Amino acid sequence: MTRAIEACIFDLDGVIVDTAKFHFLAWRRLANQLGFDFTEAQNEKLKGVSRIQSLELILQWGGLTLGEPEKLALAEQKNDWYRDYILQMERGDILEGVEDFLTELKSRGLKIGLGSASKNAETILQRVGLMDVFEVVIDGNRHTRSKPDPEVFLTAAAVLGVPPERAIVFEDAEKGVEAALNGGFFAVGVGSPDVLGHAHYVIPGFAGVHFETILEQIGAQALAM
Ligand code: B16
Ligand code: MG
C-alpha cells in the first residue's frame, strides 16, 4: 500500500544552512591551539555528532586524554568561537532552494519540524528568519540520545502528532540517515550518494527540487487535502 505523507522533519546543519564550515573552523582552531591539526575528511565524521562527542573524537585524533573539567572548558571555548560566526548569519545563508521547498510544503498543508543535534539551533533559525516556519524544534537541548538513535526525530514526530511512517526526514549526515531509518521514517539524504546511499533517496541539495519528485522517488503519496 502506498504510504501518505503528513510531515517533513529537517535536520539543520548541512540541510537548511551550511554551518559545517563554521564548526570546522572553530574545531580546527581549538585543535591547533592544542598542538595538532585535522582534515576536512575527518570533519565529515563530526556531522550530526553532539558537541561533546565531537570533542572526544578530535582529542582522540590528536592523541590527547583530558579530564572532564578541561573537556567542558574546551567545548565552551569552541562554542564561543562558533557563535561568533553564526551571529553573523542572515537570510542569505539559507541553502539554495530551501525556502521555495518549505513554501511548497506549507501550501500543500504538510507539517514541518526540525530535529537537530545542535544546542544553537534556535539562534541560527532566528538569525536566518526561519523560526516561524517550524511547528516544532527539537534541538540538542531537548533530547539526550545522539543520532543514530532516532529519539530526536521520534520526539518531533510525536509533537506534530504524525506517526514516523507518515513522515520524511531530510538529513546530510550518515548517522542522521541511520537515525531516521531506525525510527521507521522515510529518509532523504541531502548530499552525496557515496555517503548517504542507505537513504530511500538522495538529492544534492534543494535547488529545483519539488515535493512531487521526492514522493515519486520514495514511492509515497501526499495526504489528500
Ligand atoms: P552545537 P545537526 C549538529 O547539527 C552538527 O552537524 C554537528 O557538527 C554539531 O557538532 C552538533 O550539531 C552540535 O552542535 O555545538 O551547536 O550544539 O546537523 O544535527 O543539525
Ligand atoms: Mg546535519
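These numbers were taken from a predicted model, which means no experiment stands behind them.

Colleague: Quick rundown of the overall build of the protein chain? Include the residues and the values.
Modeller: When its secondary structure is counted, the protein chain shows ten helices and eight strands. Expected size for 225 residues packed as a compact globule is a radius of gyration near 17 Å; at 18 Å, the protein chain falls within 12% of this value. The C-alpha extent of the protein chain, read off along each of the three principal axes, is 55 × 30 × 30 Å. When the 225 residues of the protein chain are sorted by exposure, 48% land in the buried category.

Colleague: Any details on the site of ligand 1? Residues and values, ideally.
Modeller: As a structural note, the neighbourhood of ligand 1 is formed by 18 residues, with Val49, Ser116, Ser118, Lys119 and Asn120 the closest of them. Ser54 is positioned with one of its side-chain polar atoms (N or O) 3.5 Å from an oxygen atom of ligand 1. Within the backbone of Lys119, a nitrogen or oxygen atom sits 2.6 Å from an oxygen atom of ligand 1. Coverage of ligand 1 by the protein chains reaches 98% of its 470 Å² of free accessible surface. Structurally, ligand 1 is housed in the largest pocket. The two domains that each donate at least three residues to the shell around ligand 1 are domain 1 (3-18 + 95-222) and domain 2 (20-86).

What counts as what
Residues numbered from 1 in each chain as written. Chains lettered and ligands numbered in written order. Predicted model: local features only at pLDDT ≥ 70, side-chain atom pairs only at ≥ 80, totals over all residues. Heavy atoms only, no water. Helix = DSSP H or I, 4+ residues; strand = E, 2+ residues; numbered from the N terminus. Rg over C-alpha atoms; globule rule 2.2 N^0.38 Å. Buried < 20%, exposed > 50% of the residue type's maximum accessible area, 1.4 Å probe, protein only. Near = heavy atom within 4 Å. Polar contact = N/O pair within 3.5 Å; in protein donor to acceptor, adjacent residues only side chain to side chain. Areas by Shrake-Rupley, 256 points an atom, 1.4 Å probe, with all protein chains shown as cover. 1 Å grid on protein atoms, 1.4 Å probe; cavity = no way out; pocket = protein on both sides within 12 Å on 5 of 7 lines; lining within 4 Å. Sits in = over half its atoms within 2 Å of the grid points. Domains from an automatic or database assignment.

Purely geometric stuff here, so don't read any function into it on its own.
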